[in-house]
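The primary structure of each chain is shown beneath.
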Amino acid sequence: MNSLGAYTRNRILLSLFIIFAVSVFAFLIVHLMPGDPVRAVLGIEADEAAVQKMREELNLDKPFLTQYWLWMKGIFKGNFGRSLTLNTDVGELIGRRLPVTLSLTIPALIIAAIFGIIIGVICATNRGSIADQLLTVLVTIANGVPIFWIGIMMIYLFGVLLGWLPLMGYASPFESFVEYLRKAAMPVSILAIRPMAEIARQVRTNMLEVINQDYIRTARAYGLSERKVKYKYALKNALIPIVTLLALQARDVAGGSVLAEQVFSIAGMGQLIMISVLNRDFPVIQAIVLVITVIVVFVNLLLDISYGWLDPRIRMTARKVIN
Amino acid sequence: MRSAGSKKSGVFLKTFFGRGFIVKAAVAIALIFILSAIFAPVISKHDPNQINLEKALLDPSPEHILGCDAYGRDVFTRLLYGARVSLLSSIFSTLLAACAGMLLGLVAGYYEGIIGAIILRYVDVQLSIPPLLFTIVIGLIAGKGLGGMIAAISFSMLPGFIRLMNGIVLSIKRNDYIVALQVANIKRYKIILKHLLPNSLPSMFIMFAMNLGFAIMLEATLSFLGIGIQPPMASWGSMVADGYIYLLSEPLLAFTPGLCITLTVVAFNIIGDSLRDAIDPRLRGKL
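Residues numbered from 1 in each chain as written. Chains lettered and ligands numbered in written order. Predicted model: local features only at pLDDT ≥ 70, side-chain atom pairs only at ≥ 80, totals over all residues. Heavy atoms only, no water.

Considerations on the packing of helix α2 (residues 21–38) of chain B against helix α11 (residues 252–279) of chain B
All names here are of chain B.
- The N-to-C vectors of α2 and α11 enclose an angle of 125 degrees; their axes lie 8 Å apart at closest approach. With respect to their mutual orientation, α2 and α11 come out oblique. Of the two elements, α2 crosses α11, and the hand of that crossing is left-handed. Together, I22, V23, A26, V27, I29, A30 and F33 of α2 and C260, L263, T264, A267, F268, I270, I271 and S274 of α11 make up the contact between the two elements. (Axes fitted to C-alpha atoms, helices over the stretch in contact; angles between N-to-C directions. Helix = DSSP H or I, 4+ residues; strand = E, 2+ residues; numbered from the N terminus. Parallel < 35°, antiparallel > 145°, perpendicular 65-115°, else oblique. Left-handed = near helix turned anticlockwise from the far one by under 90°. Contact = heavy atoms within 4.5 Å.)

Structure below.
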């Protein structure tokens, strides 16, 4: 098998293992939660027969491993169980709310990547300039400012004082795109701030590093135009490590959507998990943890494979380490 | 000897304050918050939790510098006591994560083999779950309130410490003098206590300092979501959430606690970065 094939195969195996481990973690939530999950929903004064009936419905009376087996079997059939408090099918709940969260997180990541790269390149090619120094300030603040607070302050500035944007809420881009843009502008921006700053910093560092490499000096010695050297050779190589960083940011933005949805009252996955945590609605919590992590692991896998494909050094070292 | 020592600390201070004004400002801000947390009862005579509905949503005045919240509690006093919660919980949870991470990283690095593999795979698994989601679930398992929150925060910082410690142990272990000690039949615990642990301390300390700001942010986030500090206890995060309700009429209520969070986290992050540059510049870009 060639090295790229071996690298891809190993990444896929590792991802499958992680998904299995996370499914065990998600399954364990109900058993690790303090107190009796059924009593928590039915109330302390519920009679024993009702409690027993619900335990049987939720398979909680069966042996441990059987419970896990039944849960996973259901999921493979697309059956995530029923919400204990919302009286709906969990799969249906997620099917309704996942697109909402994706319509905020995906644009946030794309915007963060585009602007992060542009800012990073500007700073690296104008090292020490005011723009470059501003980037350091931006990165420091972006890492220190709570995004939920920035969101609230934006609501006050753009919604209350200036009246440019609606205070909160959500509209689907497929129903009214303009309304979606107006309502998603603030939540998407607060999700994009931190990844954008991180990407800009990384692009700047990489680019400065690449510019000092021998092959760039050679390209210059050959008399290539500075423009061609910078954008064709330096930028291309500076961008490869960004792929890994993007995977990390995808994970963080998925978590950050909990805050964005909470601040802007958006009915997505993040808001759903907060409702379920407060109601101790464990089938929903388990399903959300599993679904979001599987998506994140899948995105990571795709980015990892493309990383190995873009940079041959990675798959070579990976082969050496693994074999 | 003494002059050599003071020279060394002179170099340390020079690199630490190398970035000039910014670092001095960060130290000043951190000191202000630490001192106000310690001397909160001296600075303000008000009770942070005393409800007085006659003073509800009072505007700032000489007696209440930042006004009162919806329950008539003095906002400035609550900010001071909020600093206590933020600083104490972040220091405790980071310390907890550092100790547990050192132990697990040491075991994983020194004994490698199957136990090491299990620990490192655990790290991979935890890091693949979005951190905020993971912390929320751990918070649910550990229970509400200060203790559960500290457990949740330290759990989510654990992987970083394990990985760092594991890397340090692996690199020190390959050194000739450690191999020589092993050949000379020196007891394992002696090698660990005398050589591995002391050598890991500078990096672990830097990691500790750099994680404090992160812990403060996480505490604020959990309290904002209502699963951290429980009322009536004051926390900056929950003050932002409470103030958010009155955003239209009293924007200051949500503004000031958020500003405190930002200032503290930025200050601690800058101090952490400068400590790293002063203690071990090679770690730049790695930590």
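The discussion continues.
Quick word on the packing of aromatic side chains
- Evaluation of the coordinates by the stated rule reveals 13 aromatic pairs over all chains.
- Consider the rings of F25(A) and F134(B), whose centres lie 5.5 Å apart with planes at 25 degrees: the pair is stacked. Here the residue F25(A) occupies a position in helix α1 (residues 3–32), and F134(B) occupies one in helix α6 (residues 131–142), the pair thus bridging two chains. Across the pair, F134(B) and F25(A) agree in class, each one buried.
- Lying over the aromatic face of Y110(B), K173(B) brings its terminal NZ or CZ to 5.9 Å of the ring centre. (Phe/Tyr/Trp six-rings, centres within 6.5 Å; stacked < 30°, edge-to-face > 60°. Buried < 20%, exposed > 50% of the residue type's maximum accessible area, 1.4 Å probe, protein only. Lys NZ or Arg CZ within 6 Å of the ring centre and 35° of its normal.)

Here we look at the domain arrangement of chain A
- Domain boundaries in chain A define domain 1 (3–76) and domain 2 (98–267).
- A straight line from the C-alpha centre of domain 1 of chain A to that of domain 2 of chain A covers 36 Å. (Domains from an automatic or database assignment.)

Some remarks on the environment of M233(B)
Residues and elements named next belong to chain B.
- As for its placement among the helices and strands, M233 is situated in the loop between α9 (188–225) and α10 (236–245).
- On the basis of relative accessibility, which here comes to 35%, the residue M233 falls in the partly exposed class.
- The spatial distance from the C-alpha of M233 to the C-alpha of R78 is 8.7 Å, given a sequence separation of 155 residues.
- Filtering out sequence-adjacent residues up to four positions away, M233 remains in contact with N49, R78, V85, L146 and S238.

Focus on the confidence of the model for chain A
All names here are of chain A.
- Averaged over all residues, the pLDDT of chain A equals 85, while 95% of them reach at least 70.
- Element-level pLDDT for chain A is lowest in helix α14 (residues 312–322), with a mean of 54, against a maximum mean of 92 in helix α5 (residues 90–125).
- Contacts of residues 318–323 to residues separated by more than four positions or lying in other chains number six contacts, the stretch itself having pLDDT below 50. (pLDDT = per-residue confidence, 0-100.)

Considerations on the interface of chain A and chain B
- The interface is formed by 45 residues belonging to chain A together with 37 residues belonging to chain B.
- The junction of chain A with chain B conceals about 3600 Å² of combined surface from both sides, 84% of it contributed by carbon and sulfur atoms.
- Area buried by chain A at its contact with chain B is led by F148(A), W149(A) and R251(A), which between them contribute 17% of it.
- Joining chain A to chain B, the criterion identifies four residue pairs in polar contact (both at pLDDT 80 or more).
- Mapped onto the side of chain A that touches chain B, the elements with two or more residues apiece are α1, α6 (130–144), α7 (147–161), α11 (242–263), α12 (269–279) and α13 (282–310) of chain A.
- Of the residues that constitute the side of chain A that touches chain B, the class distribution is 35 nonpolar, six polar and four charged. (Buried area = accessible area lost by both parts, 1.4 Å probe. Polar contact = N/O pair within 3.5 Å; in protein donor to acceptor, adjacent residues only side chain to side chain. Nonpolar A, V, L, I, M, F, W, Y, C, P; charged D, E, K, R; others polar.)

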